[in-house]
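Coordinate analysis (summary)
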Amino acid sequence: MTLNLRPGDEPPSRRKGASGRGDSPRAEQVRVTGSDLDQRGALERARGRLVIGAFVFIGLFSLLGLKLIWATVVAPIHPSAAQIAAMTPQLSETPPPPSRADIVDRNGVILAVSLPGASLYADPQQVPDPQAAATVLANALPGANQAWLAHQLGDGVPAEKRKEFVYLDRRLTPQEELAVNSLGIPGVYFENREERHYPDGNLAAHILGGVRIDSSGVAGVEEYFNKRLTTDPQPLQLSIDARIESIVHDELASAVKEFQSPGACAIVMNVKTGEVVAMVSLPDYDVNDYGAAKPNNQFDRCVNGNYEPGSVFKLQTASMALDSGLIHWWDYFDTTHPLKIGRFHITDFEPTNKWMALPEIINVSSNIGASRIATILGPKIEQAWYAKQGFFKPLDIQLPGPPMPLFPSKDNWGLAATMTVSFGAGIAISPLQLVTATIPIVNGGIRYDPTLLKVDPNGPQPQGVRIMQQSTSDLMRKIMTNVVLFGTGKYAGVPGYIIGGKTGTAQVVGPNGRYLLHTNNASFMAAFPMQDPQYLIYVLVLQPKPDKTTFGFTTGGFIAAPTVSRIIARMGPMLGIMPSTGDQLAQLEAKLTVPLDPTPPPGQRALGPGDPLPPGANAFAYELMGKKPPQANSAAAKADEPQGAQAKPAASKGCKTHDGVMAPVSPMMGSHMTARDTGYEQG
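Worth saying up front: this structure is predicted, and the values here are computed from it rather than measured.

Once that is clear, we can look at the pattern of salt bridges. By the definition in use, this model includes 16 salt bridges. The partner of Asp241 in a salt bridge is Arg243, and the shortest N-O contact between them spans 2.8 Å. On the basis of relative accessibility, which here comes to 38%, the residue Arg243 falls in the partly exposed class. Salt-bridge contacts for Arg566 lead to Glu251; the nearest nitrogen and oxygen are separated by 2.9 Å. In this pair, Arg566 sits in helix H18 (residues 561-574) while Glu251 sits in helix H9 (residues 242-258), placing the two residues 315 residues apart along the sequence. Within the structure, one salt-bridge network assembled from shared partners comprises Asp250, Glu251, Arg566 and Arg570.

See below:
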């Protein structure tokens, strides 16, 4: 190979090993073989293929990019609602419902609620030092017993022989939980649980009842509605009005304190529905700690206590007499002297020694007058009336264990039983049953079963049973109004309100079945407003002690009536029942009373000194007068008279009278009717 240089060109640099400058140039030959040419061809073909592949990939990625732009920008494909819902996490800020439903009053006020809580437990086998753990736990848990904690944790027992699970505290407060958690004790753990809370403590204690440690009902509506509360999350709404319940509790507690009473009860009931608006039994307890309450405090005197009702029961006697048609309100009865039955006498607390009409008999609470009326009616009419009122069976109420009322045996319902029952002696019924039986006397004659559940005013209304005629109820309302305006119940009066009522004072049966001397229970039954009765209020104070305000007496008119007055004065305006004034009040008083010494309407005869018994009077009335009944009456009486019944006191063996004031009665009270419970009658 020859290298030619043009003039002016510099010669190329000398290669290493080439001849120096001035040396004669040498010719160089380059050989290109066939394999080199094949290699070069292969490289050229590979380069072409790479270029083609690059363009293919560029095209594909361009198409993919265009497709993505089309699918996401130009014409995006939106997911369906179902797809979105399936991919959306289900989050809720609402906690799951508690395992036990709330209990609320008629206005929605919470009476019982379940809230999250914690229990403290341990695995003693995992606790390295039981004694040290017990020491720090006792400091963190106020009231805890260090020795008991150490025992639970297995102090002194080899780890492998200790229990694997023990509870240390079933009810931790949030503060206690934080304190224990900060200790970091190995083998000590928390268990989530629900805890039942009662915000008002002892309010409506015996109605609510309480729950066990596992939150199952143990008493009251918590027990009665246990299944409902654990299967239906909706609140259980009661008929109770927490405001009225609080008023009744306050006033009843004041009476218990003032008269040093061992116990008392009070009830407010709606006479048009049977709803229990308030019901208080004292002493009571904090529902949050039912298990720590004494049995005496747990005992519900309103529902489970059976007491002699005393003179309040004369409302039943007067109602059945008027409704029977045998007796009219203008009839007069001989109350000039005590009634003798065998070696016993029935007397009046304040004898009038005259013939009295039925309104005055109720007004002064005459035992003699009630007995005279009862003997005219006879046991058959009495028993039929009491059966209609439900006195021969336990009361139907949404609470556990209403007791069976105590009445004389129907096979031994003789003259003495006929008379003593008429003024509430020799029998025993619960206060709630007594209030329930008084409803028809003031509401027009309809008896409603009591209920602790709210009645929806816009829903189906309770279906009552007619017990008496409307006219009988209307007249009884006037007679009851007399008692408060002119009679033994005057201390139940409230300015501006027309109130009707009846006092009751009843003997107390002791543990040996005998009446306790100088010991009685005082009660008062009231209804208001009498122009359109809405509510019944009953107060029973057990074994009160007199003070200067009662002038040494312990009767219902001095002890219980003032408490009823204060309750009505506070609850009336709260329930929208406002007092009347001036001429309106005077007109109502005149309209809602009857004369105490009435004259019969024209053309009507009246029982009295010359004509003491009506046609159809029971033979007992003649027997009481020492006369022989007419033949027809005698035959009817023998048919009605229970076999074996005699003029002597029924099953009265072992009973003791109250200083000769009372007729003897049957000592058939239950074991719970001891010196702390029951009833004496006078006024």
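There's more to say after this.
Taking strand neighbours across the sheet as the criterion, the five strands line up as S9-S8-S18-S17-S16 in an open arrangement whose pairing is antiparallel. Edge positions in the sheet fall to strand S9 (276-282) and strand S16 (500-509), since each has one partner strand and no second. When the angles between neighbouring strand axes are averaged without regard to direction, this sheet yields 10 degrees. Where S16 meets strand S17 (residues 515-528), nine bridges bridge the pair, whose relative direction is antiparallel. Of the residues in S17, the one forming a bridge with Thr503 is Phe524. Sheet contacts for helix H16 (residues 470-486): S16 and S17; angle to S16, the most-contacted strand, approximately 80 degrees.

This brings us to the packing of helix H11 (residues 314-324) against H16. In contact at an axis separation of 10 Å, H11 and H16 are set at 140 degrees when each is read in the N-to-C sense. Considered as vectors, H11 and H16 are oriented oblique to each other. The chirality of how H11 crosses H16 is right-handed. When H11 is examined against H16, the residues Leu315, Ala318, Ser319, Leu322 and Asp323 are found in contact with a partner set consisting of Thr472, Leu475, Met476, Ile479 and Met480. A class-by-class count of the residues in the contact of H11 with H16 yields seven nonpolar, two polar and one charged.

Let us look at the nonpolar core. Judged by nonpolar contacts, the single largest core of 97 residues is most densely connected at Met279, Tyr386 and Phe407. Per-element accounting of this core gives the leading share, seven residues, to helix H15 (residues 431-443). Each residue touching Tyr386, except ones within four places of it in the same chain, is listed here: Phe313, Thr317, Met320, Phe391, Phe392, Phe407, Trp413 and Val421. In this structure, Leu252, Ala522, Ala526 and Val564 belong to the second largest nonpolar core, which totals 35 residues.

Inspection of every chain in the model, using the stated rule, returns 21 aromatic pairs. Where Tyr285 meets Tyr290, the ring centres are 5.3 Å apart and the plane angle is 75 degrees; that geometry is what we call edge-to-face. The same class applies to Tyr285 as to Tyr290, namely buried. With a centroid separation of 5.5 Å and 40 degrees between ring planes, the pair formed by Tyr491 and Phe558 is classed as tilted. Placement of Tyr491 in the loop between H16 and S16 and of Phe558 in helix H17 (residues 556-559) is noted, with a sequence separation of 67 residues between them. Exposure remark for Phe558: the relative accessible area of 21% places this residue in the partly exposed category. Taken together, the ring pairs in this structure connect Phe313, Tyr386, Phe391, Phe392, Phe407 and Trp413 into an aromatic cluster. Positioned above the aromatic ring of Tyr167 is the side chain of Arg170, whose terminal nitrogen or guanidinium carbon lies 4.0 Å from the ring centre.

Here we take up the environment of Gln389. The topology assignment puts Gln389 in the loop between helix H13 (367-388) and helix H14 (415-422). Residue classification places Gln389 among the buried positions, given a relative accessible area of 0%. Put simply, Gln389 and Leu434 are 45 residues apart on the chain and 9.3 Å apart in space, counted from C-alpha to C-alpha. The contacts of Gln389, once residues within four sequence positions are left out, are Gln316, Ala437, Pro440, Arg447 and Ile467. A polar atom in the side chain of Gln389 sits 3.0 Å from the side chain of Gln316.

Rules behind the numbers
Residues numbered from 1 in each chain as written. Predicted model: local features only at pLDDT ≥ 70, side-chain atom pairs only at ≥ 80, totals over all residues. Heavy atoms only, no water. Salt bridge = Lys/Arg side-chain N within 4 Å of Asp/Glu carboxyl O. Buried < 20%, exposed > 50% of the residue type's maximum accessible area, 1.4 Å probe, protein only. Helix = DSSP H or I, 4+ residues; strand = E, 2+ residues; numbered from the N terminus. Pairing = 2+ DSSP bridges. Axes fitted to C-alpha atoms, helices over the stretch in contact; angles between N-to-C directions. Contact = heavy atoms within 4.5 Å. Parallel < 35°, antiparallel > 145°, perpendicular 65-115°, else oblique. Left-handed = near helix turned anticlockwise from the far one by under 90°. Nonpolar A, V, L, I, M, F, W, Y, C, P; charged D, E, K, R; others polar. Core = buried A, V, L, I, M, F, W, Y, C linked by side-chain atoms within 4.5 Å. Phe/Tyr/Trp six-rings, centres within 6.5 Å; stacked < 30°, edge-to-face > 60°. Lys NZ or Arg CZ within 6 Å of the ring centre and 35° of its normal. Polar contact = N/O pair within 3.5 Å; in protein donor to acceptor, adjacent residues only side chain to side chain.

Shape is all these values report; function is a separate question.
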